[in-house]
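Examining the three-dimensional arrangement
For reference, the chains in residue letters:
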Amino acid sequence: MPPPPAPDEERAAPSGERTRRARGPLPYAVAAVLAVALVTVTVTRGGTSDAADQALGDQQLKIMAPADPGGGWDQTSRAMQASLQELAGRTEVYNVGGAGGTIGLSQFAQLDGQSHHLMTTGLIMVGAIAANGSANTLADVTPLARLTTDSQVIVVPAASDIETMDDLADRMRERLPSVSFAGGSAGGTEQILAGLVAKDLGLDPGDVNYIAHSGGGEAVATLLSASAVAGISGISEIKAQIDAGQMRPLAVSSAERVDLLPDVPTLRESGIDVELTNWRGVVAPAGITTEQEQALEDLVMAMTETDEWQATVRREGWGDVALAGPEFEEFLDDEIVRTTQIIDELGLSGAR
């Protein structure tokens, strides 16, 4: 199969280019309401911005990370919290894990009109919605902005006899179901990447032995316990284990090598014609006013210009692709179509 279209980040917002303004609701949400693991972090309240005052009034900003602690959404939410300190004052971050973010989405959809709530989202949620056959859609929220991209890295435990991506590909060709991959939620970026690699090797993506987890931290634990042959993760989520010598990186999923792992080849350099980049963004509840939406959008875009946010982006190796407004809506609509098509082609629709 030809590789999926290169992610639209560069097409929609070339490096360094930022577009303001975002409007209108979007699609998606899911079933069951699980317990909310509330993690509250208090920061000193300073002066708030005009945008924050207009959007929040006298309410405290709350940010949902729709995954367990330790993964990319959790990292992004807490980076937002720190970066918003001077703009919005005291902020809470709380975690609602499960089903690729769709459980959190189902709870967030109940916050209609409450402009002091935000939720991180991204490609993983788009894929999980398609794979899980979610009852609700992102039409139940209001999109605000895309924030970052994060390349994926394929790793094996340091003690593994798999030394290169060629070794892993050979093992997959020998008996694909025997090669277990640990990663995030079903239908997410990691499972899509595993399926695309298998397909490029001439194998059936439906035979990929994928072990799904509700958060990046859990997937790392599975790899560290050698309960999976290989793993797929965002680089920022597993860089510490790579640096500590606990994991061996085999290949990155980006178009070019990444600065954080300069010695690790891309999949294409390894002879596998696949490229895939994860992205993360932020949404607000449905039912907020146009003025509140604009104010929240202004607040988020101002956050991406702060020294705190820029330092975090550099430290984590994230792509800085802030985008808002009609351009973000168009990007998101394209991603929903593209990702749903890939999920269907890989036979992942309806996965649980």
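Reference entry: report on the structure contained in this document. Here the structure is a predicted model, which is why all the values come from computation and not from measurement.

What counts, and where the lines are drawn
- Residues numbered from 1 in each chain as written.
- Predicted model: local features only at pLDDT ≥ 70, side-chain atom pairs only at ≥ 80, totals over all residues.
- Heavy atoms only, no water.
- Helix = DSSP H or I, 4+ residues; strand = E, 2+ residues; numbered from the N terminus.
- Buried < 20%, exposed > 50% of the residue type's maximum accessible area, 1.4 Å probe, protein only.
- Phe/Tyr/Trp six-rings, centres within 6.5 Å; stacked < 30°, edge-to-face > 60°.
- Lys NZ or Arg CZ within 6 Å of the ring centre and 35° of its normal.

A positive phi angle is found at Ala99, which is not glycine, with a value near 55 degrees. Relative to the helices and strands, Ala99 resides in the loop between β3 (91-95) and α5 (102-108). A positive phi is found at Ala226, a non-glycine position, where the angle reads about 60 degrees. Within the element layout of this structure, Ala226 appears in the loop between α9 (216-224) and β8 (230-234). Assessed through its relative accessible area of 57%, Ala226 is described here as exposed.

What follows deals with the packing of aromatic side chains. For the coordinates displayed, the defined rule picks out four aromatic pairs. Their ring planes at 85 degrees and their centres at 6.4 Å tell us that Trp279 and Phe328 sit as a pair that is edge-to-face. Taken as a pair, Trp279 in strand β10 (residues 277-285) and Phe328 in helix α13 (residues 326-345) lie far apart in primary sequence, 49 residues in all. Neither Trp279 nor Phe328 differs from the other in exposure class; each is buried. Between Trp309 and Trp318, the aromatic rings sit 6.2 Å apart at their centres with planes inclined by 45 degrees, giving tilted as the arrangement. Taken together, the ring pairs in this structure connect Trp279, Phe328 and Phe331 into an aromatic cluster. In this arrangement the basic side chain of Arg146 is found over the ring face of Phe331, its NZ or CZ atom lying 4.6 Å from the centre.

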